[in-house]
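# Geometric and topological summary
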Amino acid sequence: MQNVKIVVTGPFNAGKTEFIRSISEIEVVSTERKISTGEEMRLKETTTVAMDFGRISVDDDLVLYLFGTPGQKRFDFMWEILSEGMLGFIVLIDSTRPETYREARGILQTFKIYAPTPYVLAANKQDCEDAWSVEDIRLALRLDPKIKLLPCVATNKESVKNVLLELLYEILGEMEKSSE
Amino acid sequence: MALKGNLRDFSVTQLFNLINLAKKTGTLTIERSSEVARVNFREGKLAYAQLSSEDNSLPAILQRSKKISHNQYQVIQSRAANMTDKELGLLLINAGYITQADILNSLQQYLISVVRRLFTWVDGFFHFDASLPPPDDRIPIRIDLENLIIEGSRQIREWEQLQEEIPSLEMSLKFADRPDANMRKLNLSVEEWRVVKFINPKNTIKQIAEATKMNDLEIRRVVFSLLQAGVVELTRPTDMPVVGIINRITTPQEREAQVSLVNRLINRIRVA
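## Quick notes on the interface of chain A and chain B
Each side of the interface is counted separately: chain A has 42 residues, and chain B has 33 residues. Each partner contributes to the roughly 3600 Å² buried at the junction of chain A and chain B, and carbon and sulfur atoms together form 66% of this total. Counting the surface chain A buries against chain B, the share from its top three residues, Arg102, Ile113 and Met175 of chain A, is 20%. Remark: the boundary between chain A and chain B carries five salt bridges. Measuring nitrogen to oxygen at the nearest pair gives 3.6 Å for the salt bridge that ties Arg102 of chain A to Glu165 of chain B. In this structure, the connection of chain A to chain B is made through nine residue pairs in polar contact (both at pLDDT 80 or more). Elements with a contribution of two residues or more to the side of chain A that touches chain B: β1 (2-9), β3 (46-59), β4 (62-68), α4 (101-114) and α6 (157-179) of chain A. Examining the composition of the side of chain A that touches chain B, we find that 13 residues originate from one element, α6 of chain A, more than from any other.

## Looking at the nonpolar core
Ranked by size, the top nonpolar core spans 44 residues in total, and within it Phe16, Leu28, Ile30, Phe41 and Leu46 of chain B carry the most contacts. Ranked by the residues each element gives to this core, the list is headed by helix α5 (residues 100-119) of chain B, at nine residues. Residues in contact with Ile30 of chain B, not counting those within four places in the same chain, are Leu7, Val12, Glu35, Val36, Ala37, Leu118, Trp121, Phe125 and Phe126 of chain B. Core analysis: the second largest hydrophobic core is formed by 36 residues, Val28, Leu92, Leu168 and Ile171 of chain A among them.

## Some words on the packing of aromatic side chains
Residues and elements named next belong to chain A. Following the criterion strictly, the structure yields eight aromatic pairs over all chains and no others. Centroid distance Tyr101 to Trp132: 5.2 Å. Interplanar angle 90°. Geometry classified as edge-to-face. Of this pair, Tyr101 sits in helix α4 while Trp132 is found in the loop between β6 (119-124) and α5 (134-140), placing the two residues 31 residues apart along the sequence. What makes Tyr101 buried here is its relative accessible area of 4%.

## A closer look at the pairing of strand β2 (residues 26-32) of chain B
All names here are of chain B. Here β2 lies mainly inside the structure; five of its seven residues are buried. Pairing between β2 and strand β3 (residues 35-42): seven bridges, direction antiparallel. Counted as the bridge partner of Leu28 is Val39 from β3. With antiparallel pairing between neighbouring strands as the criterion, β2 and β3 make up a hairpin whose turn holds two residues, including Ser33 at a positive phi of roughly 30°. Judged from the five bridges that link them, β2 and strand β5 (residues 125-129) form a sheet pairing that is antiparallel. Counted as the bridge partner of Leu28 is Phe128 from β5.

What counts, and where the lines are drawn
Position labels on residues start from 1 in each chain and follow its written sequence. Chains and ligands are labelled by the order in which they are written, letters from A for the one and numbers from 1 for the other. For this predicted model, a pLDDT threshold of at least 70 governs which residues receive local features, and a threshold of 80 or more governs which side-chain atom pairs are given and counted, while totals over whole chains, interfaces and linings are taken from all residues. For side-chain calculations, the full set of non-hydrogen atoms in the structure is used, while hydrogens and water are omitted. Residues count as neighbours in contact if any of their non-hydrogen atoms are within 4.5 Å of one another. Throughout, the accessible surface (probe 1.4 Å) given up by two parts as they are put together, summed over both, is called the buried area. For this document, the term salt bridge refers to a Lys or Arg side-chain nitrogen within 4 Å of an Asp or Glu carboxyl oxygen. Think of a polar contact as two N or O atoms within 3.5 Å of one another; within protein, one of them needs to be a possible hydrogen donor and the other a possible acceptor, and neighboring residues in sequence only count if both atoms come from side chains. A helix here means a DSSP run of H or I that spans at least four residues, while a strand means a run of E at least two residues long, and both kinds are numbered starting from the N terminus. Definition of nonpolar core: a set of buried residues of the types Ala, Val, Leu, Ile, Met, Phe, Trp, Tyr and Cys, connected through side-chain atoms within 4.5 Å. Three exposure classes are used, based on accessible area relative to the maximum for each residue type with a 1.4 Å probe and protein chains only: buried under 20%, partly exposed in between, and exposed over 50%. Centre distance within 6.5 Å is the pairing criterion for rings of Phe, Tyr and Trp, where only the six-membered ring of Trp is used; planes under 30 degrees apart are then read as stacked, over 60 as edge-to-face, and the remainder as tilted. DSSP bridges decide pairing: two strands pair if at least two such bridges lie between them.

What follows is the structure, encoded as structure tokens:
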């Protein structure tokens, strides 16, 4: 049996747990705890403190695991452990909270350092009225036009599938490049 | 109870706030790598501050604030080497070279500049000794800490923002791939030019900071402004080991197996 891993990361409350929950065939193994700080408490009641863990069985020989990282900076020691040996990673961004874009950029830079694997960014909560457009988020994050930034609604399975597929296409592309 | 620890856990601004609120008298000593700072307080107000790395005698301070010329500084240093700052200050005032206000303003400017530099220190051991008064040979003054604390707090916020933008100094920099960019037209500061000289994927930001003698905050500020201007991009250092699965592929057979694996994942997710 071969296991492969994709990491879903992003700032606090970006929707990482929801993203994995939408596609995982098992109930997401989540290590959520009640939030203890005031600022975070206004946004949601629980948060991931170690990692979320979802699974997609491909066939008898292959299983894809999805790992969600805790969003807050004080858990960044986990990121290095989670990124070891991953196939690729997804940076989820809360399109409705521009104050977290800088942090998202920092997380992206950190993961690029830990593991130079393919990645895509997903602008989550695009169904919300106050969501920034993908084009505006791209400018705010100062992203290279070559980097994929995809619209996403983490509660919608088709949207999550699209993000995962785009990452897998990116991985295929990298493999082709590495053989040249 | 001893007031000691590391700036990583308790910042300079927090220390000043505590000293101000408790109206403490004594000396705060902060040590980091090769530098030592001593800051003296009297009843919660700044009385004196000095860095081990620079000349903080009265003539040097007056020369920095352009109250005396370099020649005058050298003459005073050679002829009044054994005098205390207080004695020397009186002599210069009586001789009509400078006024008392000149001395006090220059001292105030200098002490504030030392404190501002201390705000950039994010690491270093500190201890506060309530039994150690300001040095006898210096001219102590009294500066309220409130405004300095506000300034320090702003700097902490800036530090946090810069840490988010540039989370690791182990990364390297490369010039942005912009054919329209013309370096000659850029209006860079002296610090930015110093950093630009070392930009190369072989050099980490940490190494550039060491080469240019900048601390963490200073190098982050410069790198951030270069990033904002689109002049540079962050990149991996060329000698950093790689850990991704794709980078472990070494043979055509391995590549074929990995491509097949990804295609199986794609097919599975399509029907999920």
